[in-house]
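The lines below spell out each chain.
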Amino acid sequence: MPRLLVVHHTPSPALQAVLEAVREGAALVEEVELAVRPALSAGPADLLAADGLLLGTPANIGYMSGALKHFFDTVYYPCLDATAGLPYGVYVHGNDDTAGALTSIQRITGALRWRQVAAPVSLVGAPGTAELDAVRELAATVAISL
Ligand SMILES: Cc1cc2nc3c(=O)[nH]c(=O)nc-3n(C[C@H](O)[C@H](O)[C@H](O)COP(=O)(O)O)c2cc1C
C-alpha cells in the first residue's frame, strides 16, 4: 500500500486544526497508509519509506519554520538521489504573509527534484471552514497521486 508521509511543524491550536484536516483529507483516500511526523523528529528513514510527502509549516520571519528547515537539512544529501520525482504538496500558515515561506520551500524541493502534485495551500489568520476544506482537498489530492 502506498505511504503518504506528513512532515509538519505544529506549534499552535490553529496549526493543530490544520493538521487534523490533513488527517481527514488523507482518510478520504482508501488504500493509502498515512504516517505523520513532527518535522523535528522526521529523518531520512521516514522519507525513504514514503511514496509521497505533504509538508506543513508556519511562516516565520518570511521563511519556513526552523523545524522544517531542520528536516530539509537532515534529509537533503542522504535522500537527494533516491527521492527524485517524489510527489509532494505543501501548506503554509501565517498571520499576514506566507509568500517567503512558500518560496523557500519550493526552492529546496526544486533542488531535490520533487514533483509538486497539488497547488500549495496558503492560510492566513484563523482557519475557517473554507480553509480547512482546502487543506482536506490538498491531502486527498496528494494521496490520490500515489
Ligand atoms: C518568530 C515569528 C515569526 C513569524 N513570522 C511570520 C511571517 O513572516 N509571516 C507570517 O505571516 N506570520 C508570521 N508569524 C506568525 C506565525 O506564522 C503564526 O504564529 C503561526 O502560523 C501559528 O498561527 P497562530 O499564531 O495563529 O496560531 C510569525 C510568528 C513568530 C512567532
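Our structure's up above, just so we're on the same page.
Residues numbered from 1 in each chain as written. Predicted model: local features only at pLDDT ≥ 70, side-chain atom pairs only at ≥ 80, totals over all residues. Heavy atoms only, no water.

## Comments concerning the side chain of Asp46
Next, step 1: Mapped onto the fold, Asp46 is located in helix 2 (residues 44-48).
Next, step 2: When sequence neighbours within four positions are dropped, the list of residues in contact with Asp46 reads Leu5, Arg37 and Ser41. (Helix = DSSP H or I, 4+ residues; strand = E, 2+ residues; numbered from the N terminus. Contact = heavy atoms within 4.5 Å.)

## Observations concerning the environment of Gly52
Next, step 1: The topology assignment puts Gly52 in strand 3 (residues 52-60).
Next, step 2: Remark: the alpha-carbon pair of Gly52 and Val142, spanning 90 residues in sequence, is separated by 7.3 Å.
Next, step 3: Excluding residues that lie within four positions of it along the chain, Gly52 makes contacts with Arg3, Leu4, Leu5, Leu86, Pro87 and Leu146.

## Some words on helix 3 (residues 66-79)
Next, step 1: Compared with the 20 Å implied by 1.5 Å per residue over 14 residues, the 19 Å span of helix 3 between its first and last C-alpha is a close match.
Next, step 2: Those residues of helix 3 lying buried are Ala67, Leu68, Phe71, Phe72, Val75 and Cys79.
Next, step 3: Lining the buried residues of helix 3 we find strand 1 (3-8), helix 2, strand 3, strand 4 (63-64) and helix 4 (99-112). (Expected span 1.5 Å × (residues − 1). Buried < 20%, exposed > 50% of the residue type's maximum accessible area, 1.4 Å probe, protein only.)

## A closer look at the site of the ligand
Next, step 1: Within the structure, the ligand sits among 13 residues, and Ser12, Ala59, Ile61, Gly62 and His93 are positioned closest to it.
Next, step 2: Here an oxygen atom of the ligand and a side-chain polar atom of Ser12 are 2.6 Å apart.
Next, step 3: One of the backbone N or O atoms of Ile61 is found 2.7 Å from a nitrogen atom in the ligand.
Next, step 4: Here the ligand has 620 Å² of accessible area as a free molecule, and 64% of this is covered by the chains.
Next, step 5: When residues in the shell around the ligand are grouped by element, the largest group, three residues, is from strand 3. (Near = heavy atom within 4 Å. Polar contact = N/O pair within 3.5 Å; in protein donor to acceptor, adjacent residues only side chain to side chain. Areas by Shrake-Rupley, 256 points an atom, 1.4 Å probe, with all protein chains shown as cover.)

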